[in-house]
Amino acid sequence: MSRWKALSTELDPRVRQLLTQLRRLKDHSGLSMRQLAAKTGYSEKSWERYLGGRSLPPREAVEALARIGGVDPVRLLALHEVAADTWGGGRHLDASAPTGPPPELVPEPAPVPVPTGPVPTGPEFLAGQDRHPHPHPEQDAPQVSVAGRSLRVALVAGAVALVLALSSATLLVMRLDDGDREPAAGPPAVSTPPAPASAPAYTCRVERTDGLWYAGISRTRDTELGYGAAGPEVAEAQCLLRRAGISPGGIDGMFGPLTQRAVKAFQTRAGLAVDGTVGPLTWKALRG
C-alpha cells in the first residue's frame, strides 16, 4: 500500500470522500503512478495532483481508474458529480479561486399596488406607461437561480448519502487476502440494502479427472494469461496455485501482483522459465 499524505482539511468532506476512494482503488490495482499514467492516458504529474487534492480529476479519469480497479464506475461518477459541484462553489486548494467578500444580495422590490377602480385605457394612460416602465425586471433572476440551485443540491445530496453507504460495502469486498486468511466480515446491517460485488465470486472445486487437476471454473490448457488479465481462466489458475500450496491471494479472477508473484514461485519450483505468465507449459505443470 502507498503511504499517502493527509488531505487538506480545507477540502469539502464530499471531495475528501471521492479522493479517499480513488486512493484505495489505486492501491488495490498495485500500479505505480507511471503505470497508472500509461493505462489511463493522464500524466503522472496529473495523477499526483488529482490524488493529492490539488486538482479535481476529470470524469474520464475517475471512470478509467474505476475500471482498472474492477468496480462499477456509476457510484464513483455520482460522487464525482457532487464533488465537482462543491469544488466549483466552495473553498478548495486552487489558488486561482476568488477570495473576495460574497456579492451583496439585491433586495426584493416592493410589491406594486393594484388599483381598485376602473382600469384606464385612454391614450393618456398608455403614454404614462411608456414613461414609467417596470423597474429593474432583471432583479428577479438571481432569486430564481438560487432557488433552482438549492433544489438541485438537495436532490444530489440525498443520492450521495445512499452512494456512500453502498461504496463502503463494496470496498470491503475488494480487499485482497495476503495469505490464506478468510475475507473480512461484512459491515453491520444498515437500513439500505448491501451493494452487489462488482467482481464475480469464484469457488474452487478441485478434483482430479483423467489424471489432471481441475477447479471447476475453466478447462483451458493453453490460454495465455499475464498481468492485468481477468476472467474465469485467471480464477482457475488461482485455484490450482492454491492447490499446489502457493497462495495467489483471493480467488477473484484478477491477475494482479499477488497472482503474478505466486506464478513466479510455482515456475521456480517446477523448473520452468520464470516469466510470471501462465502459458501452455505452466498450465501443464499446474494440472499435472
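Peer 1: Which residues make up the overall build of the protein, and what values do they have?
Peer 2: When its secondary structure is counted, the protein shows ten helices and two strands. When the elements of the protein are put in sequence order from the N terminus, they spell out α-α-α-α-α-α-α-β-β-α-α-α. Put simply, the protein has 288 residues, and 33% of those count as buried. Put simply, 57% of the contacts in the protein that link residues at least 6 apart link residues at least 24 apart. Only carbon and sulfur atoms are counted for the fraction: they give 57% of the accessible area of the protein, which is about 17900 Å².

Peer 1: An account of the nonpolar core is requested, with residue identities and associated values reported.
Peer 2: L18, L22, W47 and L76 are the most contacted members of the largest nonpolar core, which has 25 residues in total. Residue assignment for this core shows that the elements contributing at least two residues are α1 (13–29), α2 (33–40), α3 (44–52), α4 (59–68) and α5 (73–89). Apart from residues no more than four positions distant in its own chain, W47 is found in contact with M33, L36, A37, T40, Y42, A61 and L65.

Peer 1: Give me the lowdown on the packing of aromatic side chains, citing residues and values where you can.
Peer 2: Per the stated rule, a full pass over the model turns up three aromatic pairs. Centre to centre, the rings of Y42 and Y50 are 6.3 Å apart; their planes meet at 70 degrees, and the pair counts as edge-to-face. Residue classification places Y42 among the partly exposed positions, given a relative accessible area of 21%. A centroid spacing of 5.6 Å and a plane angle of 80 degrees characterise the contact between W47 and Y50, whose relative ring orientation is edge-to-face. Placement of both W47 and Y50 in helix α3 is noted, with a separation of three residues, approximately one turn of the helix. Judged by relative accessible area, which is 8%, Y50 ranks as buried. A cation sits over an aromatic face here: R219 above Y214, 4.0 Å from the ring centre.

Rules and cut-offs
- Residues numbered from 1 in each chain as written.
- Predicted model: local features only at pLDDT ≥ 70, side-chain atom pairs only at ≥ 80, totals over all residues.
- Heavy atoms only, no water.
- Helix = DSSP H or I, 4+ residues; strand = E, 2+ residues; numbered from the N terminus.
- Buried < 20%, exposed > 50% of the residue type's maximum accessible area, 1.4 Å probe, protein only.
- Contact = heavy atoms within 4.5 Å.
- Areas by Shrake-Rupley, 256 points an atom, 1.4 Å probe, with all protein chains shown as cover.
- Core = buried A, V, L, I, M, F, W, Y, C linked by side-chain atoms within 4.5 Å.
- Phe/Tyr/Trp six-rings, centres within 6.5 Å; stacked < 30°, edge-to-face > 60°.
- Lys NZ or Arg CZ within 6 Å of the ring centre and 35° of its normal.

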